[in-house]
Amino acid sequence: MRAPARSRTVAPPGWSRWLVPPAALSIHLAIGQAYAWSVFKPPLESSLGLSGTASALPFQLAIVMLGLSAAFGGTLVERNGPRWAMSVSAVCFSSGFLVAALGAATRQYWLVVLGYGFIGGIGLGIGYISPVSTLLKWFPDRPGTATGIAIMGFGGGALIASPWSAGLLDALGRDSAGIARTFLVMGLAYAVFMTLGVLLVRVPPARPDAPGAGRAAAAPRPLVTTAQVSARNAVRTPQFWCLWVVLCTNVTAGIGILEKAAPMVCDFFARSPAPVSASAAAGFVGLLSLANMLGRIVWSATSDLAGRKHVYRLYLGVGALMYLLIALAGDTSKPLFIACAAVILSFYGGGFATVPAYLRDLFGTYQVGAIHGRLLTAWSTAGVLGPLIVNAVADARRSSGHTGADLYTTSFFVMIGLLVVGFAANELVRPVHPRHHEPPPSAGPRPADAAPTAPKGATP
């Protein structure tokens, strides 16, 4: 797919930069449907005779493909611009639903895995990073807020998709034919919704502080560079790998609760006078999703005021404290357990939303989308690590005769240790050494949507 002509993607004079976050939000609200996959698990299992493990394959493959496509496609996103990237995302994500619909209709489950997991997963990864670089260029004065608005959509997409999917299944049927029709309707609807973002997105005319573009950057802070670093050089810096550890540990801690939230809250209070019902556990999951979504905008906006390093100290340090409170006294008070879990999930969402601005502070905007894509491999790692720690420990403790909160205490102390490691990695972040910086351009500023010229020692 060729990049759209520059005349159709560069903002005309007077274009409001506040039209760009809604464009980005339309993509993230759509691809955030991935968090609502669990709605499809029971009908798929009953209609196609699948196990719980098999019904999770489309989601698991989608998350793996998210990380891989973001890592390997980040440079293409930078080169071809946000409209091209959003178009690719819309085509892959919506066509993934259509292929999955064909699989459900023909009872060929491998087509569901291929469509939703592989093809749709590529749409997830490209769509997730598609607006990041553009938002950072439009909002040099509020990078955390801008990216937080967009990435908030990924956390909140499930709040829309979950009841919508359930309603469609109730109306169209929960057998294989009904699932196929639901996939078809959702694929077509998401294609239209995501196309709105494709049509609306624009890049700044030349640079963020040009007339008609975004405003000038805020006053310099420590760790905020005015230089530029290529994606190839960024992965050679200790700063990149420190942030990789920071993101991986923060996500591992959050997803450890998120993945097992409903059974966990039931187990914690199984021996109390008022056990948690299944409906209350579902409400707890919804509350955590809300905390995840709100944390993405609240904490990322806070980082614009307090600085990225300070807000990650909050995520990792206070997150460890929250886990300690749950481990020591979580089963004695439902409000305490719920509050601590909600804070941890708000830090989980905030970590995703703040990291693009942290990367921009350290490496500039030159290839920040490509750098962000490479960093998201930490998410893929954490997506395996977090559930593995919690489930493996719980299974081992259950086989030893333990019940209730005792199933999770050991894994919570493991999470505390990981958060301490992440805290230490954040403390090691320093400004990038000038030897990694790109040489100043010799012939004026490069257009914002033009393919970056490969500097010496870097690969575009």
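Everything quoted here is computed from the prediction, not taken from an experiment. (Residues numbered from 1 in each chain as written. Predicted model: local features only at pLDDT ≥ 70, side-chain atom pairs only at ≥ 80, totals over all residues. Heavy atoms only, no water.)

**Some details on the overall build of the chain**
Argument step 1. Helix and strand content of the chain: 19 helices and 0 strands.
Argument step 2. Out of the 460 residues belonging to the chain, those deemed buried represent 56%.
Argument step 3. Intrachain contacts of the chain at a sequence separation of at least 6 include 84% that bridge at least 24 residues.
Argument step 4. A total of about 17500 Å² of accessible surface is found on the chain, and carbon and sulfur atoms cover 68% of it. (Helix = DSSP H or I, 4+ residues; strand = E, 2+ residues; numbered from the N terminus. Buried < 20%, exposed > 50% of the residue type's maximum accessible area, 1.4 Å probe, protein only. Contact = heavy atoms within 4.5 Å. Areas by Shrake-Rupley, 256 points an atom, 1.4 Å probe, with all protein chains shown as cover.)

**Observations regarding the packing of aromatic side chains**
Argument step 1. All told, the structure shown has 30 aromatic pairs when counted by the stated rule.
Argument step 2. Ring plane angle 35 degrees and centroid distance 4.5 Å describe the contact between Trp37 and Tyr116, whose orientation is recorded as tilted. Taken together, the positions of Trp37 in the loop between helix H2 (20-31) and helix H3 (41-48) and Tyr116 in helix H7 (residues 109-129) put the pair 79 residues apart, joining distant regions of the chain. Comparing Trp37 with Tyr116 shows no difference in burial state: the two are buried.
Argument step 3. Where Trp299 meets Phe347, the ring centres are 5.5 Å apart and the plane angle is 55 degrees; that geometry is what we call tilted. Of this pair, Trp299 sits in helix H14 (residues 278-306) while Phe347 sits in helix H16 (residues 334-363), and the two are 48 residues apart along the sequence.
Argument step 4. The partly exposed category is assigned to Trp299, whose relative accessible area is 21%.
Argument step 5. We classify Phe347 as buried; its relative accessible area is 2%.
Argument step 6. Through successive ring pairs, a cluster of aromatic residues spans Trp37, Phe40, Phe93, Phe97, Tyr116, Trp164, Phe183 and Tyr190.
Argument step 7. Over the ring of Trp15 we find Arg202, and its NZ or CZ is 4.6 Å from the ring centre.
Argument step 8. One cation-aromatic arrangement involves Lys334 over Phe269; the distance from NZ or CZ to the ring centre is 5.8 Å. (Phe/Tyr/Trp six-rings, centres within 6.5 Å; stacked < 30°, edge-to-face > 60°. Lys NZ or Arg CZ within 6 Å of the ring centre and 35° of its normal.)

**Considering the nonpolar core**
Argument step 1. Counting residues in each nonpolar core, the largest one holds 130 residues, and the members touching the most others are Tyr128, Phe183, Ile257, Phe268, Tyr323, Phe363 and Trp379.
Argument step 2. No other element matches H16, which puts 15 residues into this core.
Argument step 3. Setting aside chain neighbours within four positions, we find Ile257 in contact with Met264, Leu288, Tyr323, Ile326, Ala341, Ile344 and Leu345. (Core = buried A, V, L, I, M, F, W, Y, C linked by side-chain atoms within 4.5 Å.)

**Re the environment of Leu345**
Argument step 1. Within the secondary structure layout, Leu345 lies in helix H16.
Argument step 2. A C-alpha to C-alpha distance of 8.7 Å links Leu345 and Ala253, two positions 92 residues apart in sequence.
Argument step 3. When sequence neighbours within four positions are dropped, the list of residues in contact with Leu345 reads Gly254, Ile257, Leu258, Leu288, Ala291 and Asn292.

**Section: unusual backbone geometry**
Argument step 1. Of note, Arg107 is a non-glycine position whose phi angle comes to about 60 degrees, a positive value.
Argument step 2. You can call Arg107 partly exposed: its relative accessible area is 48%.

**Points about the pattern of salt bridges**
Argument step 1. For the coordinates displayed, the defined rule picks out 9 salt bridges.
Argument step 2. For Arg360, the salt bridge identified is with Asp361, shortest N-O distance 3.3 Å.
Argument step 3. Given a relative accessible area of 5%, Asp361 falls into the buried group.
Argument step 4. Residues joined in a network through salt bridges with shared partners are Asp304, Arg308, Arg360 and Asp361. (Salt bridge = Lys/Arg side-chain N within 4 Å of Asp/Glu carboxyl O.)

**Focus on the packing of helix H6 (residues 82-106) against helix H10 (residues 176-200)**
Argument step 1. The geometry of H6 relative to H10 is characterised by a closest axis approach of 7 Å and an angle of 170 degrees between their N-to-C directions. When the axes of H6 and H10 are compared, the pair comes out roughly antiparallel. (Axes fitted to C-alpha atoms, helices over the stretch in contact; angles between N-to-C directions. Parallel < 35°, antiparallel > 145°, perpendicular 65-115°, else oblique.)

**Points about the side chain of Thr182**
Argument step 1. Following the sequence through the fold, Thr182 ends up in helix H10.
Argument step 2. According to the relative accessible area criterion, Thr182 is buried, its value standing at 0%.
Argument step 3. Setting aside anything within four residues of it in sequence, one finds Thr182 in contact with Phe40, Ser165, Leu168, Leu169 and Leu172.

**Notes on the side chain of Ser300**
Argument step 1. Structurally, Ser300 can be placed in helix H14.
Argument step 2. Within the structure, Ser300 has its side chain in polar contact with the backbone oxygen of Gly144 (distance 3.2 Å). (Polar contact = N/O pair within 3.5 Å; in protein donor to acceptor, adjacent residues only side chain to side chain.)

**Concerning the environment of Met194**
Argument step 1. The residue Met194 is located in helix H10 in this model.
Argument step 2. Looking at Met194, the relative accessible area reads 0%, which means it is buried.
Argument step 3. Setting aside chain neighbours within four positions, we find Met194 in contact with Ser26, Ile27, Ala30, Ile31, Ser89, Ala90 and Phe93.

**Concerning H10**
Argument step 1. Its 25 residues give H10 an end-to-end C-alpha distance of 37 Å, which sits within 8% of 36 Å, the value for a rise of 1.5 Å per residue.
Argument step 2. Every buried residue belonging to H10 is among Ser176, Gly178, Ile179, Ala180, Thr182, Phe183, Met186, Gly187, Tyr190, Met194, Gly197 and Val198, and all of these are buried.
Argument step 3. For H10, the secondary structure elements touched by its buried residues are H2, H3, H6, H7 and helix H9 (143-172). (Expected span 1.5 Å × (residues − 1).)

**What about a nonpolar patch on the surface?**
Argument step 1. Taken together, the side chains of Leu159, Leu287, Leu290, Leu294, Val298 and Ile338 make up a nonpolar region of the molecular surface, amounting to roughly 430 Å² of accessible area.
Argument step 2. Structurally, Leu290 can be placed in helix H14.
Argument step 3. In this structure Leu290 comes out as partly exposed when scored by relative accessible area, which is 35%. (Patch = residues over 30% accessible without salt bridge, like charges linked within 9 Å, V, L, I, M, F, W, Y side chains within 5 Å.)

**So, the confidence of the model for the chain**
Argument step 1. Scored by pLDDT, the chain comes out at a mean of 85, with 89% of its residues at no less than 70.
Argument step 2. Scored below 50 in pLDDT, residues 208-214 makes 18 contacts in the model with residues more than four places away or belonging to other chains. (pLDDT = per-residue confidence, 0-100.)

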